[in-house]
Amino acid sequence: MSASANSPNARVNLEHSTVLLIDDNPKSLDMLSSIFHGFGVREQIKCESAVEAAEIIKRKAIDLILVDCSMPEMDGYDFTRWLRREMPAPARYTPVIMLTGHAAQSNIQKSRDCGASFVVAKPLTPSVLLRRILWLGNDEREFVECDSYVGPDRRVRNFGPPLGQSGRRAGDLSTHVGEPAEANMDQADIDMLMKPRRVSL
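Residues numbered from 1 in each chain as written. Predicted model: local features only at pLDDT ≥ 70, side-chain atom pairs only at ≥ 80, totals over all residues. Heavy atoms only, no water.

Enquirer: I'm lost on the pairing of strand β3 (residues 64-68) in this one. Help?
Expert: For β3, the tally of buried residues reaches five of five residues, placing the bulk of the element in the interior. Burial of β3 is two-sided: the residues L64, L66 and D68 facing one way and the residues I65 and V67 facing the other way are all buried. Here four bridges tie strand β1 (residues 18-22) to β3, and the two strands are oriented parallel to one another. Within the sheet, the bridge partner assigned to L21 lies in β3 and is L66. In this region the chain leaves β3, passes through helix α3 (residues 76-86) and returns to the parallel neighbour strand β4 (residues 96-100); the handedness of that crossover is right-handed. (Buried < 20%, exposed > 50% of the residue type's maximum accessible area, 1.4 Å probe, protein only. Helix = DSSP H or I, 4+ residues; strand = E, 2+ residues; numbered from the N terminus. Pairing = 2+ DSSP bridges. Right-handed = clockwise from strand over helix to strand, strands pointing away.)

Shown next, in the form of structure tokens:
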């Protein structure tokens, strides 16, 4: 993807991408599918079960995964942890966007610690989702594999939203430092926890 997430006219071509959508709520799954149709994605695989999705990943290459955090039998956290630890390369490196309807800080940290690339809060909008996909296209984090963690590098302190983009407060650009204190966070707060940014001093 060559478009920049900072550009108001950003365009992304997902026409040849294969996207796996996982949500046990059929209405949410259909809405997600409609959004990706709008992005030009021709090949979508919809699953109402993470267990079913795991079987698909074993036999088919996927470019992007969106998975709901809360599902019976195998939730999004367990699915992402399984993907990162049990699947061979290149499948284990597949970008994962987790979807949550409960944006408590503990849930966001749990998503980060199981190896998710991003968390997006429900109800999601096409513009928010597209920005996260564009960020993924420019993500320079290294992939870490050790006994306690497998996933995108989470060790670097986050210093706010991408350069030039405003946060959730007026005048809150990428100079904002610190983690939010609220129990339930908006999308800018989630991004602060999930998207590390290196800062040159």
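Enquirer: What should I look at first to understand the state of the cysteines in this one?
Expert: Under the defined criterion, the tally for this structure stands at zero disulfides. No disulfide involves C69; its nearest neighbouring cysteine sulfur is the one of C114, lying 7.6 Å away. (Disulfide = S-S within 2.5 Å.)

Enquirer: What is the right way to read the sheet that holds β3 from this model?
Expert: Strand pairing in a sheet takes place through backbone hydrogen bonds and is either antiparallel or parallel in direction. What the five strands build is an open sheet, ordered β2-β1-β3-β4-β5; its pairing is parallel. Across the chains shown, the open sheet's two edge strands, defined by having one partner strand only, are β2 (43-47) and β5 (118-121). Within this sheet the neighbouring strands show an average axis-to-axis angle of 20°, counted without direction. Pairing between β4 and β5: four bridges, direction parallel. Counted as the bridge partner of L99 is V120 from β5. Docked against the sheet, helix α2 (residues 50-59) engages β1, β2 and β3, running at close to 140° with respect to β2. Of the strands in this sheet, β3, β4 and β5 touch helix α5 (residues 126-137), which is tilted by about 175° from β5. (Axes fitted to C-alpha atoms, helices over the stretch in contact; angles between N-to-C directions. Contact = heavy atoms within 4.5 Å.)

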